[in-house]
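Analysis of the macromolecular model
One-letter residues, chain by chain:
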Amino acid sequence: MSKKPDTTRRAIVGATVGVGLGLGALSMLAPIAALKPKKEVTPETEPPKEGDVFVYAEGDRKGKEITLDDLPKGGPAVLAFPKDPETGVVKSGERNNLVLLIRMDPGELGPEVADYAADGAVAYSAICTHLGCTVSEWEPDKGLLLCPCHKGFYDPRHGAQVVGGPPPRPLPALPLIVKGNKPVCAGGFTSQVGVVAGLEPQGGSCAV
Ligand code: FES
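Residues numbered from 1 in each chain as written. Predicted model: local features only at pLDDT ≥ 70, side-chain atom pairs only at ≥ 80, totals over all residues. Heavy atoms only, no water.

So, the overall build of the chain
Let me state the cut-off plainly: In DSSP terms, a helix is any run of H or I states spanning at least four residues, a strand is any run of E spanning at least two, and both are numbered starting from the N terminus. Type-normalised accessible area, obtained with a 1.4 Å probe on protein chains alone, sets the label of each residue: buried when under 20%, exposed when over 50%, and partly exposed for intermediate values. Areas reported as accessible are Shrake-Rupley estimates using a 1.4 Å probe. Residue values count occlusion only from the protein chains shown.
Broken down by element type, the chain carries 3 helices and 11 strands. Its helices and strands taken in sequence order, the chain reads α-β-α-β-β-β-α-β-β-β-β-β-β-β from the N to the C terminus. Relative to its full complement of 208 residues, the chain shows a buried share of 50%. When the accessible surface of the chain is summed, it comes to about 9,600 Å², and 54% of that surface belongs to carbon and sulfur atoms.

Here it is as structure tokens:
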């Protein structure tokens, strides 16, 4: 599929109401991280790296490692943090480490993301590229990721391309492999996480 935004689809999804992933607290977070000075990197804040596994970011299973069986084919997505399997440290000290794990039929994945997927599982940054809210909802009818702040829609089958709303660019992908039936990080994000200077709208805010 073309990488160009599908303006027709934008119009279709623009009025759609998404379904929450049950992660309200994280979705309420404003993009404060984008405005703060750089923090010292610690084991809890270092970015995901090759070999990291993933744990639930919140909910009843918060901190539990995620297997492929935990990811229902066709969605919804699961919010997760990377974890260093050597030290056991969960990298939840940095909001930009929050990722969306989602599993699809491998045949549904477009060439934009096929290189980063493993057994149909893909991972994307959960930080909206518009104003940095958490992409915390799922639109079940269209199978799209939804940022509730300004109804930004991303297509997980096609590299998290923007298919509705104001985000200026896709969500960065995080390459995966599978080890021991678990999705495992195979490298860093494919592009800068969150709001990129110069692409953000003037005078905007991340009101939920
Ligand atoms: S912050 Fe996500 S659509 Fe505006």
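From this point, the discussion proceeds with the structure in view.
Examining the state of the cysteines
What counts is decided by this rule: Note on terminology: pairs of cysteine sulfur atoms within 2.5 Å are recorded as disulfides.
The tally for this structure, following the rule as stated, stands at 1 disulfide. The disulfide partner of C133 is C149, and the gap between their sulfur atoms is 2.1 Å. As the torsion about the S-S bond is roughly -90 degrees, the C133-C149 disulfide counts as left-handed. Placement of the pair is C133 in the loop between β5 (121-125) and β6 (137-139) and C149 in the loop between β7 (144-147) and β8 (152-155), with a sequence separation of 16 residues. When its relative accessible area of 1% is taken as the criterion, C133 is described as buried.

Concerning the side chain of E112
Quick reminder of the rule: Polar contacts, as counted here, are pairs of nitrogen or oxygen atoms within 3.5 Å of one another; within protein the pair requires one atom able to donate a hydrogen and one able to accept it, and residues that are adjacent in sequence qualify only if both atoms are side-chain atoms.
Assignment of secondary structure puts E112 in helix α3 (residues 111-114). Here the side chain of E112 touches H158 through a polar contact of 3.4 Å, side chain to side chain. At a separation of 3.0 Å, a polar atom in the side chain of E112 contacts the side chain of Q161.

Notes on unusual backbone geometry
Of the consecutive residues G75 and P76, the connecting peptide bond is found in the cis state with omega at 5 degrees. By secondary structure assignment, the location of P76 is in the loop between β2 (53-56) and β3 (78-83). Positive phi values are uncommon outside glycine, yet D119 reaches one of about 50 degrees. Classification of D119 by relative accessible area gives partly exposed; the value is 47%. Phi at K151 takes a positive value of approximately 55 degrees, unusual for a residue other than glycine. Within the element layout of this structure, K151 appears in the loop between β7 and β8. K151 sits in the partly exposed class, given a relative accessible area of 36%.

Remarks on the sheet that holds strand β4 (residues 99-103)
Two modes of strand pairing occur in sheets, parallel and antiparallel, and in both the strands are linked by backbone hydrogen bonds. Under the convention used in this document: Strand pairing is assigned whenever DSSP identifies at least 2 bridges connecting the two strands. Orientation is described by axes fitted as lines to C-alpha atoms, over the contacting stretch for helices, and by angles from 0 to 180 degrees between their N-to-C directions.
Here we have 4 strands laid out as an open sheet, ordered β2-β3-β4-β5, and antiparallel in their pairing. The sheet is open, and its two edges are formed by β2 and β5, each paired on a single side. Taken pair by pair, the neighbouring strands of this sheet meet at an average axis angle of 45 degrees, ignoring direction. Sheet analysis places β3 next to β4, joined by 3 bridges and oriented antiparallel. Residue pairing in the sheet places V78 in a bridge with L101 of β4.

Regarding the pattern of salt bridges
Note the threshold: For salt bridges, the criterion is a side-chain nitrogen of Lys or Arg within 4 Å of an Asp or Glu carboxyl oxygen.
Tallied over the full model, the rule gives 9 salt bridges. Of the charged contacts, one joins E46 and K91 as a salt bridge, the two residues approaching to 2.9 Å between their closest N and O atoms. Placement of E46 in the loop between α2 (24-27) and β2 and of K91 in the loop between β3 and β4 is noted, with a sequence separation of 45 residues between them. One salt bridge in this structure joins K49 and D84, with 2.9 Å as the shortest N-O distance. One end of the pair, K49, is in the loop between α2 and β2; the other, D84, is in the loop between β3 and β4, and 35 residues separate them in sequence. The class of K49 is partly exposed, set by a relative accessible area of 34%.

A few points about the nonpolar core
Quick reminder of the rule: To form a nonpolar core, buried Ala, Val, Leu, Ile, Met, Phe, Trp, Tyr and Cys residues must be joined to one another through side-chain atoms within 4.5 Å. Contacts: residue pairs with any heavy atoms within 4.5 Å of one another.
Ranked by size, the top nonpolar core spans 29 residues in total, and within it L100, Y124, V135, L145, Y154 and L171 carry the most contacts. For this core, the secondary structure elements donating two or more residues are β3, β4, β5 and β7. In this structure Y124 touches L98, V99, L100, V113, L145, P156, G159, A160, L171, P172, A173 and F189, once residues within four positions along its chain are discounted. In this structure, F54, L101, A121 and L174 belong to the second largest nonpolar core, which totals 15 residues.

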